Amino acid sequence: MYAFDIERPTTVAEAVAALKDEDAQALSGGQTLIPTLKQRLASPSKLVSLSGIAETKGVSADGGTVTVGGGTTHAAVAAGASAYPALAALAGGIGDPAVRNRGTIGGSVANNDPAACYPAAVLGSGATVVTNAREIAADDYFQGMFTTALDEGEIITAVKFPVPEKAAYIKFEQPASRFALVGVFVAKYADGVRVAVTGASEEGVFRWTEAEAALSGNFSAGALDGLSVSADGMISDLHGTGAYRAHLVAVLTKRAVAAAG
Amino acid sequence: MSVSKPHPHDSAPLHVTGAARYIDDIPLPANTLHLAFGLAEIAHGRISALDLGAVRSAPGVVMVLEAKDLPGDCDCSPSNHDEPLLSGAHVQYLGQPVFLVVATSHLAARKAARLAKVDYQPRDAILTIEEALAADSRFEDGPRIWERGEAGEAIDTAPHRLEGRIEMGGQEHFYLEGHAAIALPQDGGDMVVHSSTQHPTEVQHKVAHALHLPMSAVRVETRRMGGGFGGKESQGNALAISCAVVARMTGKPVKMRYDRDDDFMITGKRHDFRIDYTVGYDDDGRILGLEFQHFTRCGWAQDLSLPVADRAMLHADNAYWLPHIRIESHRLRTNTQSATAYRGFGGPQGMLGIERVLDHVAHAVGRDPLQVRTANYYAPASDAAPAVQTTPYGQPVQDFILHDLTAKLAAQCNYAERRKAVAEWNAANPLIKRGLALTPVKFGISFTLTHLNQAGALVHVYQDGSVRVNHGGTEMGQGLFQKVAQVAAARFGLPLEAIQITATDTAKVPNTSATAASSGSDLNGMAVKAACDTIRDRIAGFLADQAQCAIAEVQFADGMVSVAGQSMPFAEAAKRAYEGRVSLSSTGFYKTPHVAWDRIAGQGRPFLYFAYGAACSEVVIDTLTGENRILRTDILHDAGASLNPALDIGQVEGGFVQGAGWLTTEELVWDRAGRLRTHAPSTYKIPACSDRPPVFNVSLWDAPNREDTIYRSKAVGEPPFMHGISVLMALSDAIAACGGLYPALNAPATPERILTTLDQVRHV
Ligand SMILES: Cc1cc2nc3c(=O)[nH]c(=O)nc-3n(C[C@H](O)[C@H](O)[C@H](O)COP(=O)(O)OP(=O)(O)OC[C@H]3O[C@@H](n4cnc5c(N)ncnc54)[C@H](O)[C@@H]3O)c2cc1C
């Protein structure tokens, strides 16, 4: 790790101001950023800690929408998002207790790791990413692995999830790290079904539109019979081949539909 | 008596409170220096330019050593003198130490080590078994071949034959405590070394060699390790030598410990193997002729690979009478970490080979694999000459208890009923399949290098009656010290608390063998017994003399010494003996009887006896993904007349879980550049406590050893590891429920590998 300065603003406005420095970077739970700094894959001269900003913490439910503050930890979502059980369950299955007590939704969604869980929930729910500057629809937000629509210095202050009729997230864990080898989030809304897949594609989280079409007419695992995704463009690494991941996408989507009930 | 009782580990309270001292907990003297290696970034080639300027000028750096700065090659090898401490220009694996940073702190040394600029001229690296065979890159001139009878002819004339192959991965030791050493320079160039080693004498020998000192000038101490599993038999040499060399150069204390990632990248692991087989058998699945070809990647240096590969051959029979057998063993040299000792020392790999054959044959003849296994068992234990069968290497199998043991386990775990239940479940459930397997273990006990089968001890009785015990064995969590203390307490008739356990120390007991080959209690228990008996007999002789009675009338029991009917506390007896000028200190020595072995011919009696056991595992797989789980495991294990059933059951449980981990989740992955990609717990999965079977019944087959071992107990360190084989066979059994073809499942059986095998079985 290289040396850096740290600032601890207490409001979003102060944080945004502090991030105006060219070399500054936001620090939330540090569960991704700190290891990155340790491996010297990033070398910001200044870290702006978001963990002292009260206004970005907490979960609230209102009129069919669950809003999660950008600085809310996975553990707090697991405990507090009872209005959206699939989301609470997803948060409760991230990493281990230490990761869940530090890591935040803002950090996860900003980072957009191709094996992370939250991007599947955000995309699968058609959620809205709220920043200090604007609101971004999930479909516009994710732009390939580790890439998002966020501008330099833009802070995620909240994510707004429309609560579906039914939903479930199924994760096939890479046993050592417990990241998703493949994870599928399925959500059924009055106007259709959304299926978001994480862990599998070299493009990061994506919507499996054929499955969405099939499920929108008939929300049952059987509706997916015969559907599959191509292994082209799937991640092949030490934990699994692209073909295996493609196979898992189909299996896990069925499981998610079954689990959603 | 203190033996045969389930005393907890002597350090258990210290372990759980964090008060047990490991090397890294030893308070350091002022001005201690710290070391870190700079590691090679290519698997094979030459270093054309090494620029260490930035390393030298980094904060806290005191000096930086290259190979040419060392006092000689500082060889680290336990066998072949082929492991220079630093690579020099010739790089032989990715992760090989190239230079050594000496700094004022551990962190400063590690940070500086990354600043080197190295130019390489890479050469083609030999990474796989196939590449090594193609290049004829191997240790020894050619394959080792042992045979009995006419395997080829027996196969040709057998009613049936089949061929197959199993590939099994290596395994990282993942001792919780990484490697560490401290060197403390002494008067006149002498050196004291604290090392997390299973083999203090080896460290003493290698440090003395590096410093050009006689062994007598080097003292090595080891209080305990946080796990060893064979990974600390030879792999600690590099750290100890580095510390000693720098301590000699600077006159300062020096410490080194590996970061976990470095430990993965530098040190050797279990040997991975490919085993090819051709077997001839009859309608009942009885094996008539068998040919094995073992191929193993030994890595860049010889280390202990020859005896490891030998032991794989020595367990190619496991529990089975194989009248005609030929075993060919290829020990291949590759540009990877130098594979080393790991619990079982090749035995598990050889045993998995024959267990696969039995399973394959059972599938071919359509019988329950347990039936085929028992049909091939050696004849039951018997001293009647015609009944005694011999192993392929000519050792009579005189203590074969597996018929009874298997029958008892099968009854205890309801094997027959559960076999039916599994079949019914599988018939009713198209997606989730269950599998069941009961596999035996017969494991040879003794070092195959015969001269290692010796041990020494040093016991002192003080004038207040307290007793201090020292021996050559090392404690790595297995409970050796407690077992040996139990022996000492029993010999003096004292309560266990009266025995002081002490660190292993080459200045107290010289010329020791590694604590390895499961032989720690067998060897050191006997040596301590001999020392205690010498002192006890001296005290008895003195007291008998005083009381004018026979020595036999002096009894030691319950903390008391009775002399011709009159009783006194042991302390009083010790005081009297001291005042009577009786020596209350003695060494003890033991050498294993009867063993003799010719490894080139593959003939003799390498083992004093065999340890036995059997395990039955039931698993479940998801046929859509290959996900799997162990549902239940029952183990019946032979520890002879157990010295300590609590510790022994702990070893059986831990061994099984570690063995199951080897064959399921623990996957080492090297990329095409020869870089080990799994070098941390984030990528390499060892079983956790929560991965043990939810139903896990372990019991001991409590019957005295046929051989005259310490209180007729049996060694228990390695044999239970191989109970993990039952899990792989159960997984294969579950897959077999999905199609007609034999599921040739390789290890580790990750979900993806299970799914691939399922596809092969289904698409006939
Ligand atoms: C052992 C382990 C296991 C894990 N397992 C999982 C898993 O199973 N599933 C999973 O999804 N994740 C997993 N993670 C990742 C974890 O969820 C991280 O916490 C998360 O990805 C990052 O959140 P953070 O708050 O720690 O962000 P940080 O590490 O602090 O920051 C990450 C990045 O986001 C930026 N950032 C942070 N907050 C904001 C914000 N509000 N607005 C804009 N940018 C911001 C930072 O500048 C940085 O670039 C695991 C992590 C570990 C260490």
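Just so it is clear, the model here is predicted, and its values are computed rather than measured.

### What about the sheet that holds strand β14 (residues 287-299) of chain B?
Residue and element names in this part refer to chain B.
Then, number 1: Taken in spatial order, the five strands of this open sheet run β7-β15-β14-β13-β8, and their pairing is mixed. Bordering the open sheet on either side are β7 (144-148) and β8 (160-168), each of which pairs with just one other strand. In this sheet, adjacent strand axes meet at a mean angle of 10 degrees when their direction is disregarded.
Then, number 2: Across nine bridges, the pairing between β8 and strand β13 (residues 273-281) is antiparallel. For Glu167, the partnering residue across the bridge sits in β13 and is Arg274.

### Some thoughts on the packing of helix α10 (residues 347-365) of chain B against helix α11 (residues 369-376) of chain B
Residues and elements named next belong to chain B.
Then, number 1: The N-to-C vectors of α10 and α11 enclose an angle of 120 degrees; their axes lie 9 Å apart at closest approach. Compared by their axis directions, α10 and α11 come out oblique. Crossing angle aside, the handedness with which α10 passes α11 is right-handed. On the side of α10, the interface is formed by Glu355, Leu358, Asp359, Val361, Ala362 and Val365, while α11 contributes Pro369, Val372, Arg373 and Asn376.

### Quick look at empty space enclosed by the protein
Residues and elements named next belong to chain B.
Then, number 1: With the rule as written, the count across this model stands at seven cavities of 30 Å³ or more.
Then, number 2: Taken as a whole, the largest cavity encloses approximately 190 Å³ of empty space.
Then, number 3: Lining of the largest cavity is provided by 16 residues; of these, Glu83, Tyr93, Gln235, Ala238 and Ile266 occupy positions nearest its centre.
Then, number 4: Of the residues in the lining of the largest cavity, the class split is nine nonpolar, five polar and two charged.
Then, number 5: Counted as a void, the second largest cavity has a volume near 90 Å³.
Then, number 6: Looking at the second largest cavity, it is lined by 13 residues, and the ones nearest its centre are Arg270, Arg297, Gln337, Ala339 and Trp670.

### Topic: the domain arrangement of chain A
When the parts of a complex come together, some accessible area is lost, and that lost area is often taken as the interface size.
Residue and element names in this part refer to chain A.
Then, number 1: Split by domain assignment, chain A resolves into domain 1 (5-49), domain 2 (56-162) and domain 3 (166-260).
Then, number 2: Computed from C-alpha atoms alone, the centre-to-centre distance between domain 2 and domain 3 is 19 Å.
Then, number 3: On the domain 3 side, the residues contacting the 25 residues of domain 2 number 24 residues.
Then, number 4: Across the interface of domain 2 and domain 3, roughly 1,800 Å² is buried in total on both sides, 61% from carbon and sulfur atoms.
Then, number 5: Ionic pairing is found between Asp139 and Arg194, a salt bridge with its closest N-O pair at 3.0 Å.
Then, number 6: At the surface where domain 2 touches domain 3, the tally comes to 11 residue pairs in polar contact (both at pLDDT 80 or more).
Then, number 7: Every element with two or more residues in the side of domain 2 that touches domain 3 is listed here: α4 (85-92) and α7 (118-124).

### A word on the site of the ligand
Residues and elements named next belong to chain A.
Then, number 1: Contacts to the ligand come from 29 residues, most closely from Ala26, Gly30, Leu33, Thr104 and Cys117.
Then, number 2: With respect to the ligand, the backbone of Leu33 contributes an N or O atom lying 2.7 Å from an oxygen atom.
Then, number 3: The contact in question runs from an oxygen atom of the ligand to an N or O atom on the backbone of Gly107, over 3.5 Å.
Then, number 4: For the ligand, whose free accessible area comes to 970 Å², the fraction covered by protein is 89%.

### Quick look at the UniProt feature "domain: FAD-binding PCMH-type" (unreviewed entry) in chain A
Then, number 1: Feature annotation in UniProt places "domain: FAD-binding PCMH-type" (unreviewed entry) on residues 1-166 of chain A, given in this structure's numbering.
Then, number 2: As annotated, residues 1-166 of chain A has a helix share of 31% and a strand share of 21%, and its two end C-alpha atoms lie 44 Å apart.

### Details of the sheet that holds strand β12 (residues 206-207) of chain A
All names here are of chain A.
Then, number 1: Taking strand neighbours across the sheet as the criterion, the four strands line up as β9-β10-β11-β12 in an open arrangement whose pairing is antiparallel. Of all strands in the sheet, those bounded by a partner on one side alone are β9 (166-173) and β12.
Then, number 2: In the packing of helix α9 (residues 209-217) onto the sheet, contacts are made with β11 (192-198) and β12, and the angle to β11 comes to roughly 150 degrees.

### A word on the interface of chain B and chain A
Then, number 1: The interface of chain B with chain A comprises 18 residues on the first partner and 16 residues on the second.
Then, number 2: Regarding the contact of chain B and chain A, the summed buried area is about 1,400 Å², with carbon and sulfur atoms giving 57% of it.
Then, number 3: Among the residues of chain B in contact with chain A, Thr625(B), Lys685(B) and Glu752(B) are the three that bury the most area, contributing 33% of the side total.
Then, number 4: If you look at where chain B meets chain A, you find seven residue pairs in polar contact (both at pLDDT 80 or more).
Then, number 5: By residue number, the principal contributor to the side of chain B that touches chain A is helix α19 (residues 751-762) of chain B, which donates three residues.

### Quick notes on the pattern of salt bridges
Residues and elements named next belong to chain B.
Then, number 1: Enumeration over the complete set of coordinates arrives at 65 salt bridges over all chains.
Then, number 2: A salt bridge links Arg599 to Glu140; the shortest N-O distance between them is 3.0 Å. With Arg599 in the loop between β25 (596-598) and β26 (603-605) and Glu140 in the loop between α4 (129-134) and β7, the pair connects residues that are 459 residues apart, well separated along the chain.
Then, number 3: Look at Arg599 and you get partly exposed, because its relative accessible area is 23%.
Then, number 4: Taking the shortest distance from any N to any O, the salt bridge between Asp691 and Lys685 comes out at 3.4 Å.

How each quantity is defined
- Residues numbered from 1 in each chain as written.
- Chains lettered and ligands numbered in written order.
- Predicted model: local features only at pLDDT ≥ 70, side-chain atom pairs only at ≥ 80, totals over all residues.
- Heavy atoms only, no water.
- Pairing = 2+ DSSP bridges.
- Helix = DSSP H or I, 4+ residues; strand = E, 2+ residues; numbered from the N terminus.
- Axes fitted to C-alpha atoms, helices over the stretch in contact; angles between N-to-C directions.
- Parallel < 35°, antiparallel > 145°, perpendicular 65-115°, else oblique.
- Left-handed = near helix turned anticlockwise from the far one by under 90°.
- Contact = heavy atoms within 4.5 Å.
- 1 Å grid on protein atoms, 1.4 Å probe; cavity = no way out; pocket = protein on both sides within 12 Å on 5 of 7 lines; lining within 4 Å.
- Points joined across faces, edges and corners; volume = space filled by probe spheres on them.
- Nonpolar A, V, L, I, M, F, W, Y, C, P; charged D, E, K, R; others polar.
- Domains from an automatic or database assignment.
- Buried area = accessible area lost by both parts, 1.4 Å probe.
- Salt bridge = Lys/Arg side-chain N within 4 Å of Asp/Glu carboxyl O.
- Polar contact = N/O pair within 3.5 Å; in protein donor to acceptor, adjacent residues only side chain to side chain.
- Near = heavy atom within 4 Å.
- Areas by Shrake-Rupley, 256 points an atom, 1.4 Å probe, with all protein chains shown as cover.
- UniProt positions renumbered as here; feature names shortened; annotations may be inferred.
- Buried < 20%, exposed > 50% of the residue type's maximum accessible area, 1.4 Å probe, protein only.

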